[in-house]
Amino acid sequence: MDIIKVFGDVCMRNKWQLTGRQATLPIEGGRSQIIELERFQFQGEDMARIFTLVGPADELSTVQLNAILSINFSLAFGALAFAKGQLVMADTFLLRHIDHDQLAFSMNFLAETADGYERQIYGTDEH
């Protein structure tokens, strides 16, 4: 499956701005969140990951880090993680099973949830 095409189709259907492998999703209150797409292989399976930055990892206290691990268990989709020195929200898919509705729902969930954490933890709208 051509994940780049599916990603583009999802963005077009939802009127989300697409720039390469990045989609900008509008969030209520005039905010926005950027969702990035990457393709990779894991144990011979073609996979895709979407993720969005929340904020700098080095600004988090030990108490906040423990809280983040607790939050992970309650998330309906995706997970909080650390990548590129940032707290991120990410979701991973097997390419052979991905569909437009599933991807759109996950992108929207990650954008809204990550934006809420960005606002609560960092008080910013940078991502």
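Refer to the structure printed above.
Residues numbered from 1 in each chain as written. Predicted model: local features only at pLDDT ≥ 70, side-chain atom pairs only at ≥ 80, totals over all residues. Heavy atoms only, no water.

A word on helix 3 (residues 100-122). Turn by turn, an α-helix covers 3.6 residues, leaving residues three or four places apart pointing in a common direction. Taking 1.5 Å of rise per residue, the 23 residues of helix 3 would be expected to cover 33 Å, and the 32 Å separating its terminal C-alpha atoms lies within 8% of that figure. Its side-chain oxygen placed 3.1 Å from the backbone nitrogen of Asp 101, Asp 99 serves as the N-cap of helix 3. Positioned one or two residues after helix 3, Gly 123 has a phi angle of 65 degrees, which is positive. (Helix = DSSP H or I, 4+ residues; strand = E, 2+ residues; numbered from the N terminus. Expected span 1.5 Å × (residues − 1). Polar contact = N/O pair within 3.5 Å; in protein donor to acceptor, adjacent residues only side chain to side chain.)

Turning to the pattern of salt bridges, a few remarks are in order. Taken as a whole, this structure holds 6 salt bridges when the rule is applied. For Glu 38, the salt bridge goes to Arg 49, with nearest N and O atoms at 2.5 Å. Of this pair, Glu 38 sits in strand 3 (residues 31-42) while Arg 49 sits in strand 4 (residues 45-56), and the two are 11 residues apart along the sequence. Here Arg 119 makes a salt bridge to Asp 115, at a shortest N to O gap of 3.0 Å. In this pair, Arg 119 and Asp 115 both sit in helix 3, 4 residues apart, roughly one turn of the helix. Asp 115 gets classed as buried once you look at its relative accessible area, which sits at 0%. Where salt bridges share partners, they join Arg 31, Asp 115 and Arg 119 into one cluster. (Salt bridge = Lys/Arg side-chain N within 4 Å of Asp/Glu carboxyl O. Buried < 20%, exposed > 50% of the residue type's maximum accessible area, 1.4 Å probe, protein only.)

Once that is clear, we can look at the packing of helix 1 (residues 3-14) against helix 3. Where helix 1 contacts helix 3, the axes come no closer than 10 Å and their chain directions differ by 65 degrees. Comparing the axis directions of helix 1 and helix 3 gives the class roughly perpendicular. Judged by the sense of rotation from one axis to the other, the crossing of helix 1 with helix 3 is right-handed. For the pair helix 1 and helix 3, the contacting residues are Ile 3, Val 6, Phe 7, Asp 9, Val 10, Cys 11, Arg 13 and Asn 14 in the first and His 100, Leu 103, Ala 104 and Met 107 in the second. Residues of the contact of helix 1 with helix 3, tallied by class, amount to 8 nonpolar, 2 polar and 2 charged. (Axes fitted to C-alpha atoms, helices over the stretch in contact; angles between N-to-C directions. Parallel < 35°, antiparallel > 145°, perpendicular 65-115°, else oblique. Left-handed = near helix turned anticlockwise from the far one by under 90°. Contact = heavy atoms within 4.5 Å. Nonpolar A, V, L, I, M, F, W, Y, C, P; charged D, E, K, R; others polar.)

Okay, the environment of Leu 110 next. In this structure, Leu 110 sits in helix 3. Not counting the four nearest positions on each side in its chain, Leu 110 is found in contact with Ile 35, Ile 50, Phe 51, Thr 52, Phe 77, Gly 78, Met 89, Ala 90, Asp 91 and Asp 115.

Purely geometric stuff here, so don't read any function into it on its own.
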